[in-house]
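# Observations on the model geometry
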Amino acid sequence: EGIEMAAAKEYLRTSDPLLLSALRPCLTILLVVCLCGGALAANRAPQRRGKVIIIRGALTVFSLGMNELGEKLERYGLDVEVIADISAGRAAAKLRSEYQRNRNVGPIVFIGHSRGAELGPKQARYLQKYKIPVKLVVMIDAVHQTTVPGNVERCVNLYHNNALGLIHGVPARAESKRTQMVNT
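Residues numbered from 1 in each chain as written. Predicted model: local features only at pLDDT ≥ 70, side-chain atom pairs only at ≥ 80, totals over all residues. Heavy atoms only, no water.

## Overview of the overall build of the protein chain
- Of regular secondary structure, the protein chain possesses six helices and 10 strands.
- Taking the contacts inside the protein chain whose residues are at least 6 apart along the sequence as the reference set, 70% of them involve residues at least 24 apart.
- Split by element, the accessible area of the protein chain, about 9200 Å² in all, is 52% carbon and sulfur. (Helix = DSSP H or I, 4+ residues; strand = E, 2+ residues; numbered from the N terminus. Contact = heavy atoms within 4.5 Å. Areas by Shrake-Rupley, 256 points an atom, 1.4 Å probe, with all protein chains shown as cover.)

## A word on helix H4 (residues 65-75)
- Taken as a whole, H4 has its buried residues at Gly65, Met66, Leu69, Gly70 and Leu73. Looking down the long axis of H4, one finds its buried residues gathered within 145° of arc, a one-sided arrangement.
- Backbone geometry just after H4 places Gly77 at a positive phi near 90°. (Buried < 20%, exposed > 50% of the residue type's maximum accessible area, 1.4 Å probe, protein only. Arc of directions from axis to C-beta.)

## Focus: the pattern of salt bridges
- In the structure shown here, the tally under the stated rule is six salt bridges.
- A salt bridge links Glu68 to Lys72, with the shortest nitrogen-to-oxygen separation between them at 3.8 Å. Here the residue Glu68 and the residue Lys72 both occupy positions in helix H4, the gap between them amounting to four residues, near one helical turn.
- For Lys72, a relative accessible area of 22% translates into the label partly exposed.
- Members of the salt-bridge network, linked through shared partners, are Lys51, Asp79 and Glu98. (Salt bridge = Lys/Arg side-chain N within 4 Å of Asp/Glu carboxyl O.)

## Re the nonpolar core
- Core analysis: the biggest nonpolar cluster contains 25 residues, and Phe110, Leu127, Val134 and Met139 have the highest contact counts within it.
- Listing elements by their share of this core, those giving two or more residues are strand E1 (51-55), helix H5 (88-101), strand E3 (108-113), helix H6 (115-128), strand E4 (134-140) and strand E6 (152-158).
- Residues in contact with Val134, not counting those within four places in the same chain, are Ile108, Phe110, Ala124, Leu127, Asn151, Val152 and Glu153.
- Val52, Leu78, Ile140 and Leu158 belong to the second-largest nonpolar core, a separate cluster that totals 14 residues. (Core = buried A, V, L, I, M, F, W, Y, C linked by side-chain atoms within 4.5 Å.)

## Quick word on the sheet that holds strand E10 (residues 180-183)
- Spatial ordering of the open sheet is given by E2-E1-E3-E4-E6-E10, a layout of six strands whose pairing is parallel. Bordering the open sheet on either side are strand E2 (79-83) and E10, each of which pairs with just one other strand. Averaged over all neighbouring strand pairs, the angle between strand axes comes to 10°, with direction disregarded.
- When E6 meets E10, the two strands line up parallel, connected through four bridges. Counted as the bridge partner of Asn157 is Asn183 from E10.
- Sitting on the sheet, H6 is in contact with E1, E3, E4 and E6, with an inclination near 150° to E3. (Pairing = 2+ DSSP bridges. Axes fitted to C-alpha atoms, helices over the stretch in contact; angles between N-to-C directions.)

As structure tokens, then:
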């Protein structure tokens, strides 16, 4: 069983209305493994630092757990930026500039909650125009159905029903068969 499924099962298991408190450890492990790969297992530093953009949802007040996730990922040596949804386009343009100056930027990861979950694939699509690969997109409770562009290697889309049976988030779909897509 892959780490994505473990993260997804933990997500589904939680009844926490804020959900991120139970999910943060799984996301942290998922990101570190995806970004650092075998370097951690071999007890050596990864050759490239991962570039992680965490996008909060609209109004940011319901996505404050994303700050803590960002802090945990920074402790693993990843380059993390936690931003409001209105800053997503600016962050992607900055990534494009960095990548065009130095192709060793990355691997690139977008994590988003609610409105931010929709903006992760949107920013990946912007980078696709410049042939910039995105290693991972993690979507948490996306508000609308989203299509993940072909430059994304892996996408984990997490959504669930709450105690009232209301659905938080919707399934996403991959534009390319090369994108590993997990909807759960």
